[in-house]
Amino acid sequence: MRLPSFLALGLTLPLGAFAAGGDSTGGSTWTNPPKETQTTKECKGVKVWDDKKKRCVAPKNSGLDPDTLYNAVRELAYAGRPADAQGVLAAMPDQSDDRVLTYWGFTHRKLGDLDRAAFYYQAAIAANPDNILARSYMGQGFVEAGKTDLAIAQWREITVRGGEGSWAEVSLREAIRTGLTYSY
């Protein structure tokens, strides 16, 4: 497939040149892999490190705040443990939160279930149409499935929604250009 000239030009720019923002919508928080913590160093299975208790705990009734659980999900997914990440996701108090839905999609994609992943990404986008991280991950799933036209459509939505230069936009652009997707 021949890429439009404006996209082809944009795809030639370096990834590192576009780190911007600082939230979970694809800004600088997401420009680097998650930092390894005791969760992946010490904990086995569906467990999260509790700094106060200094041990691994089951996330369900741990009392850990949603951001701590969310960061553990991201770390476990990056460590190649998407099923464990899903166990932590199941403990999240608000299953309709677009961040939770985004990572349900991400972990299903990493487990190879692109249809289920797309379902969760679409639910995340329905909950928050400006969730450019969900759009980026969904677009990367389209790249994996060989549906470049659908990936480009998500890339365009990201730029229209103010995500130009964000990690979400640049990582999808790079995935379209190279065929390689990200694990964080």
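Procedures and definitions
Residues numbered from 1 in each chain as written. Predicted model: local features only at pLDDT ≥ 70, side-chain atom pairs only at ≥ 80, totals over all residues. Heavy atoms only, no water. Helix = DSSP H or I, 4+ residues; strand = E, 2+ residues; numbered from the N terminus. Expected span 1.5 Å × (residues − 1). Buried < 20%, exposed > 50% of the residue type's maximum accessible area, 1.4 Å probe, protein only. Contact = heavy atoms within 4.5 Å.

- For the chain, the name recorded in an unreviewed UniProt entry is Tetratricopeptide repeat protein, with Ruegeria pomeroyi as its organism.

1. Topic: helix α9 (residues 167–178)
1) Next: Helix length check: α9, at twelve residues, gives a terminal C-alpha distance of 16 Å against a target of 16 Å (1.5 Å per residue), a fit within 8%.
2) Next: In terms of burial, α9 is largely enclosed, as ten of its twelve residues are buried.
3) Next: Considered for burial, the residues of α9 that qualify are Trp167, Ala168, Glu169, Val170, Ser171, Leu172, Arg173, Glu174, Ala175 and Ile176.

2. Quick look at the environment of Gln140
1) Next: Positionally, Gln140 belongs in helix α7 (residues 132–144).
2) Next: Each C-alpha atom of the pair Gln140 and Arg109 lies 9.4 Å from the other, and the pair is 31 residues apart in sequence.
3) Next: Setting aside anything within four residues of it in sequence, one finds Gln140 in contact with Arg109, Trp167, Ser171, Leu172, Ala175, Thr181 and Tyr182.

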